[in-house]
Amino acid sequence: MRKWICSLLMLLIVAASAGAQMAAPAALNIKVGDSAPDFTLRDQAGKEVSLHDFRGKTVVLAFYVFAFSGA
Amino acid sequence: MKAFQQNLSKLEAANAQVLGVSMDSTFANKAWADQIGVTFPLLSDRLGQVTRQYGIYNDKTNMGRRTTFTISPQGKIEHIQVDQAAINPADTVDYCTRPKLKT
(Lines give C-alpha, C1' and ligand atoms only; values in the text may rest on other atoms or scores of the structure.)
Protein backbone atom coordinates (compact mmCIF):
# COMPACT_ATOMS: atom_id res chain seq x y z
CA MET A 1 0.00 0.00 0.00
CA ARG A 2 2.76 2.40 1.00
CA LYS A 3 4.69 1.53 -2.16
CA TRP A 4 1.62 2.21 -4.19
CA ILE A 5 1.13 5.65 -2.63
CA CYS A 6 4.79 6.43 -3.17
CA SER A 7 4.65 5.63 -6.87
CA LEU A 8 1.45 7.60 -7.25
CA LEU A 9 3.15 10.59 -5.65
CA MET A 10 6.16 10.25 -7.93
CA LEU A 11 3.88 10.12 -10.93
CA LEU A 12 2.13 13.27 -9.77
CA ILE A 13 5.44 15.11 -9.33
CA VAL A 14 6.62 14.10 -12.81
CA ALA A 15 3.31 15.14 -14.33
CA ALA A 16 3.36 18.47 -12.49
CA SER A 17 6.89 19.33 -13.62
CA ALA A 18 6.06 18.40 -17.21
CA GLY A 19 3.03 20.67 -16.97
CA ALA A 20 5.15 23.49 -15.60
CA GLN A 21 7.58 23.21 -18.49
CA MET A 22 4.81 23.40 -21.04
CA ALA A 23 3.28 26.41 -19.36
CA ALA A 24 6.53 28.38 -19.58
CA PRO A 25 7.45 28.87 -23.23
CA ALA A 26 9.37 32.02 -22.32
CA ALA A 27 12.38 30.11 -20.97
CA LEU A 28 14.99 29.12 -23.53
CA ASN A 29 16.77 25.81 -23.22
CA ILE A 30 19.96 27.34 -24.58
CA LYS A 31 21.82 29.72 -22.31
CA VAL A 32 24.92 31.85 -22.36
CA GLY A 33 28.02 29.67 -22.10
CA ASP A 34 26.50 26.68 -23.94
CA SER A 35 28.08 25.35 -27.13
CA ALA A 36 26.11 26.55 -30.14
CA PRO A 37 24.59 23.54 -31.98
CA ASP A 38 26.16 23.17 -35.44
CA PHE A 39 23.93 23.13 -38.53
CA THR A 40 24.02 23.24 -42.30
CA LEU A 41 21.33 25.19 -44.17
CA ARG A 42 20.93 26.74 -47.63
CA ASP A 43 21.21 30.47 -48.15
CA GLN A 44 19.16 32.58 -50.58
CA ALA A 45 21.48 31.58 -53.45
CA GLY A 46 21.00 27.87 -52.69
CA LYS A 47 24.52 27.53 -51.26
CA GLU A 48 25.10 25.36 -48.18
CA VAL A 49 26.24 27.32 -45.16
CA SER A 50 27.37 25.70 -41.88
CA LEU A 51 27.98 27.27 -38.53
CA HIS A 52 31.44 25.66 -38.38
CA ASP A 53 32.43 27.59 -41.54
CA PHE A 54 32.77 30.64 -39.29
CA ARG A 55 34.97 29.28 -36.51
CA GLY A 56 37.35 32.06 -35.47
CA LYS A 57 34.71 34.71 -36.12
CA THR A 58 31.89 36.00 -33.96
CA VAL A 59 28.58 34.85 -35.46
CA VAL A 60 25.38 36.85 -35.06
CA LEU A 61 22.68 34.24 -35.60
CA ALA A 62 19.48 36.18 -36.11
CA PHE A 63 16.28 34.11 -36.25
CA TYR A 64 13.38 36.01 -37.81
CA VAL A 65 9.80 34.86 -38.08
CA PHE A 66 8.94 35.45 -41.74
CA ALA A 67 10.51 37.02 -44.77
CA PHE A 68 8.60 40.16 -45.88
CA SER A 69 7.59 40.91 -42.30
CA GLY A 70 9.37 44.19 -41.75
CA ALA A 71 12.30 44.85 -39.39
CA MET B 1 17.25 42.13 -41.13
CA LYS B 2 17.42 45.58 -42.65
CA ALA B 3 18.76 46.90 -39.36
CA PHE B 4 21.53 44.31 -39.40
CA GLN B 5 22.36 45.29 -42.97
CA GLN B 6 22.66 48.93 -41.88
CA ASN B 7 25.13 47.86 -39.20
CA LEU B 8 26.95 45.33 -41.35
CA SER B 9 30.14 47.31 -41.90
CA LYS B 10 30.45 47.90 -38.14
CA LEU B 11 29.92 44.21 -37.45
CA GLU B 12 32.32 43.10 -40.16
CA ALA B 13 34.95 45.46 -38.79
CA ALA B 14 34.52 43.65 -35.44
CA ASN B 15 35.13 40.26 -37.14
CA ALA B 16 31.46 39.31 -36.85
CA GLN B 17 29.45 37.39 -39.46
CA VAL B 18 25.69 37.93 -39.59
CA LEU B 19 23.48 34.94 -40.50
CA GLY B 20 19.71 35.37 -40.72
CA VAL B 21 17.60 32.21 -40.22
CA SER B 22 13.91 31.58 -40.77
CA MET B 23 11.55 28.81 -41.81
CA ASP B 24 11.00 30.43 -45.21
CA SER B 25 11.98 28.77 -48.50
CA THR B 26 15.22 29.79 -50.22
CA PHE B 27 13.03 31.41 -52.91
CA ALA B 28 11.23 33.62 -50.42
CA ASN B 29 14.55 34.54 -48.83
CA LYS B 30 16.06 35.37 -52.20
CA ALA B 31 13.15 37.64 -53.12
CA TRP B 32 13.21 39.33 -49.72
CA ALA B 33 17.00 39.78 -49.71
CA ASP B 34 16.77 41.40 -53.16
CA GLN B 35 13.91 43.63 -52.09
CA ILE B 36 15.51 45.00 -48.93
CA GLY B 37 19.11 44.80 -50.09
CA VAL B 38 20.43 42.20 -47.64
CA THR B 39 23.88 40.91 -48.64
CA PHE B 40 24.55 38.47 -45.79
CA PRO B 41 23.21 34.87 -45.88
CA LEU B 42 19.52 34.35 -45.11
CA LEU B 43 19.28 30.67 -44.26
CA SER B 44 16.25 28.53 -44.94
CA ASP B 45 15.31 26.25 -42.04
CA ARG B 46 12.31 24.93 -43.97
CA LEU B 47 11.43 22.13 -41.54
CA GLY B 48 12.28 24.09 -38.41
CA GLN B 49 14.98 21.64 -37.30
CA VAL B 50 17.54 24.29 -36.39
CA THR B 51 14.82 26.48 -34.88
CA ARG B 52 13.96 23.48 -32.63
CA GLN B 53 17.65 22.77 -31.89
CA TYR B 54 17.98 26.30 -30.60
CA GLY B 55 14.86 25.87 -28.50
CA ILE B 56 12.85 28.70 -30.06
CA TYR B 57 10.21 26.71 -31.95
CA ASN B 58 6.77 27.56 -30.64
CA ASP B 59 4.61 24.41 -30.81
CA LYS B 60 1.42 26.39 -30.28
CA THR B 61 1.87 28.68 -33.25
CA ASN B 62 4.20 26.45 -35.31
CA MET B 63 6.49 29.42 -35.73
CA GLY B 64 9.95 30.33 -34.61
CA ARG B 65 10.56 33.10 -32.09
CA ARG B 66 12.53 36.15 -33.08
CA THR B 67 15.83 35.57 -31.31
CA THR B 68 19.39 36.73 -31.85
CA PHE B 69 22.23 34.56 -30.57
CA THR B 70 25.76 35.93 -30.56
CA ILE B 71 28.24 33.05 -30.85
CA SER B 72 31.90 33.44 -29.90
CA PRO B 73 34.77 32.57 -32.28
CA GLN B 74 35.13 29.39 -30.18
CA GLY B 75 31.51 28.39 -30.82
CA LYS B 76 29.97 29.29 -27.45
CA ILE B 77 26.75 31.24 -26.97
CA GLU B 78 27.77 34.65 -25.64
CA HIS B 79 24.69 36.83 -25.80
CA ILE B 80 20.96 36.24 -26.38
CA GLN B 81 18.11 38.60 -27.25
CA VAL B 82 14.56 37.25 -27.48
CA ASP B 83 11.25 38.47 -28.92
CA GLN B 84 10.73 42.24 -28.63
CA ALA B 85 14.32 42.79 -27.53
CA ALA B 86 15.60 41.11 -30.69
CA ILE B 87 13.86 43.55 -33.05
CA ASN B 88 16.37 46.31 -32.50
CA PRO B 89 19.88 44.91 -33.06
CA ALA B 90 21.59 47.85 -31.32
CA ASP B 91 22.32 45.80 -28.20
CA THR B 92 23.82 42.95 -30.23
CA VAL B 93 25.85 45.40 -32.32
CA ASP B 94 27.14 47.06 -29.15
CA TYR B 95 28.05 43.68 -27.73
CA CYS B 96 30.00 42.68 -30.84
CA THR B 97 31.79 45.97 -31.34
CA ARG B 98 32.78 46.88 -27.82
CA PRO B 99 36.36 46.01 -26.89
CA LYS B 100 36.60 42.68 -25.09
CA LEU B 101 38.03 42.93 -21.60
CA LYS B 102 39.38 39.41 -21.49
CA THR B 103 40.96 37.49 -24.31
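A few points on the structure. (Residues numbered from 1 in each chain as written. Chains lettered and ligands numbered in written order. Predicted model: local features only at pLDDT ≥ 70, side-chain atom pairs only at ≥ 80, totals over all residues.)

### Concerning the overall build of chain A
Link 1 in the chain: Broken down by element type, chain A carries one helix and three strands.
Link 2 in the chain: Sequence-ordered secondary structure for chain A, helices as α and strands as β, is α-β-β-β.
Link 3 in the chain: By residue count, 17% of the 71 residues in chain A fall in the buried class. (Helix = DSSP H or I, 4+ residues; strand = E, 2+ residues; numbered from the N terminus. Buried ≥ 20, exposed ≤ 12 C-beta atoms within 10 Å, placed from the backbone.)

### Overview of the overall build of chain B
Link 1 in the chain: Looking only at helices and strands, chain B features five helices and six strands.
Link 2 in the chain: From first element to last, N terminus to C terminus, chain B shows the α and β order α-α-β-α-β-α-β-β-β-β-α.
Link 3 in the chain: Its C-alpha atoms give chain B a radius of gyration of 14 Å, within 12% of the compact-globule value 13 Å for 103 residues.
Link 4 in the chain: Reported as C-alpha extents along the three principal axes, the dimensions of chain B are approximately 40 × 30 × 25 Å.
Link 5 in the chain: Going through the 103 residues of chain B one by one, you find that 42% of them count as buried.
Link 6 in the chain: Long-range pairs, those at least 24 residues apart, make up 34% of the contacts in chain B with a sequence separation of at least 6. (Rg over C-alpha atoms; globule rule 2.2 N^0.38 Å. Contact = placed C-beta atoms within 7 Å.)

### Topic: the nonpolar core
Link 1 in the chain: By size, the foremost hydrophobic cluster in this structure holds 33 residues, and its most contacted members are Val 60, Leu 61 and Ala 62 of chain A together with Val 18, Leu 19, Val 21 and Phe 69 of chain B.
Link 2 in the chain: Element by element, the count of residues in this core is highest for strand β3 (residues 58-63) of chain A, at five residues.
Link 3 in the chain: Discounting residues that sit within four places of it in the chain, Val 21 of chain B has contacts with Leu 41, Leu 61, Ala 62 and Phe 63 of chain A together with Leu 43, Asp 45 and Val 50 of chain B. (Core = buried A, V, L, I, M, F, W, Y, C linked by C-beta atoms within 7 Å.)

### Overview of unusual backbone geometry
Residues apart from glycine generally show negative phi values, whereas peptide bonds are mostly found in trans.
Residues and elements named next belong to chain B.
Link 1 in the chain: You will see that Asn 15, though not glycine, has its phi angle at about 60 degrees, which is positive.
Link 2 in the chain: Among the secondary structure elements, Asn 15 is positioned in the loop between α2 (8-13) and β1 (16-22).
Link 3 in the chain: With 13 C-beta atoms packed within 10 Å, Asn 15 lands in the partly exposed category.
Link 4 in the chain: Positive phi values are uncommon outside glycine, yet Asp 83 reaches one of about 50 degrees.
Link 5 in the chain: As for its placement among the helices and strands, Asp 83 is situated in the loop between β6 (77-82) and α5 (90-97).
Link 6 in the chain: Under the C-beta neighbour-count criterion, Asp 83 is labelled exposed, with 11 such atoms within 10 Å.

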